[in-house]
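# Structural description and commentary
Okay, here's what each chain looks like letter by letter:
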Amino acid sequence: MFRLFIHYGIHFLIPIAIGFLFFKEHRTRVILILLAGIVIDLDHLLANPIFAPDRCSIDFHPLHSYWAIALYISLVFFSKTRLVGIALLIHILADTLDCWLLALETH
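Description of the structure in this document. Sequence order sets the numbering: in each chain, residues are counted from 1 along the sequence as written. Confidence filtering applies because this is a predicted model: local features only for residues at pLDDT of at least 70, side-chain atom pairs given and counted only at 80 or more, and all residues used for totals across whole chains, interfaces and linings. Hydrogens and waters are ignored; side-chain quantities use all the structure's heavy atoms.

## Re the environment of Ile16
Convention followed: Starting at the N terminus, helices and strands are each numbered in turn, a helix being any DSSP run of H or I of at least four residues and a strand any DSSP run of E of at least two. A 1.4 Å probe rolled over the protein chains alone gives each residue an accessible area, and that area as a share of the maximum for its type sets the label: buried under 20%, exposed over 50%, partly exposed in between.
Within the secondary structure layout, Ile16 lies in helix α1 (residues 2–22). Classification of Ile16 as partly exposed rests on a relative accessible area of 32%. When the C-alpha positions of Ile16 and Arg27 are compared, they lie 8.5 Å apart, and in sequence the two are 11 residues distant.

## Observations concerning the state of the cysteines
How we decide: Sulfur atoms of two cysteines make up a disulfide when they are within 2.5 Å.
One pass over the structure, following the stated rule, counts 1 disulfide. Residue Cys56 pairs covalently with Cys99 via a disulfide, S to S 1.9 Å. Every disulfide takes its handedness from the sign of the S-S torsion; for Cys56 and Cys99 that torsion is 95 degrees, giving right-handed. Here Cys99 lies in helix α4 (residues 82–106) and Cys56 lies in the loop between α2 (27–35) and α3 (66–75), a separation of 43 residues in the sequence.

## Considerations on the packing of aromatic side chains
Selection rule: Two aromatic rings, drawn from Phe, Tyr or Trp (for Trp, its six-membered ring), form a pair once their centres lie within 6.5 Å of each other, and the interplanar angle then sorts them: stacked below 30 degrees, edge-to-face above 60, tilted otherwise.
A complete count under the given rule lists 1 aromatic pair for this structure. The interplanar angle of 20 degrees and the centroid separation of 6.5 Å between the aromatic rings of Tyr8 and Phe12 together place this pair among those described as stacked. Taken as a pair, Tyr8 and Phe12 lie in helix α1 at a separation of 4 residues, close to a single helical turn. You can call Tyr8 partly exposed: its relative accessible area is 41%.

## Observations regarding α2
The condition that has to hold: To be clear, the arc concerns the directions from the helix axis to the C-beta atoms.
Within the sequence span of α2, burial applies to Val30, Ile31 and Leu34. One side of α2 carries all its buried residues, which in axial view fall inside an arc of 100 degrees. Looking at α2, the residues exposed on the side facing more than 90 degrees away from the buried face are Thr28, Arg29 and Leu32.

## With respect to the pattern of salt bridges
Side-chain pairing between opposite charges can occur once the charged atoms of the two side chains come close. Going by this rule: A side-chain nitrogen of Lys or Arg and a carboxyl oxygen of Asp or Glu constitute a salt bridge if their distance falls within 4 Å.
Evaluation of the coordinates by the stated rule reveals 2 salt bridges. Note that Asp98 is salt-bridged to Arg3, the shortest N-O span being 2.7 Å. Of this pair, Asp98 sits in helix α4 while Arg3 sits in helix α1, and the two are 95 residues apart along the sequence. Across this residue pair, the class does not change: Asp98 and Arg3 are buried. One salt bridge in this structure joins Arg3 and Glu105, with 3.3 Å as the shortest N-O distance. Note that Arg3 is positioned in helix α1 and Glu105 in helix α4, a separation of 102 residues in sequence.

This is how it looks when you write it as structure tokens:
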């Protein structure tokens, strides 16, 4: 249960917190962009099974690969893509922590 709270808390609460704390003028727009980072989970549809609670997404699914993560990091350096990059990195952070917690559960 703790793992689920951390995982989905980062996916949903962190984008909302960032919007409220750092983007007061465009709060709603920023929060929606940051929440849209969840869209990279569409690559789960390529896996069989689609959902496996004991599977680490990082470097398993194409949009969670190290190459994709490098692209997400590069997006942060350009003002026009910065929010999208942050959104995708928040998603990767959530999934990375989920992988670490999964590893702790299985050992």
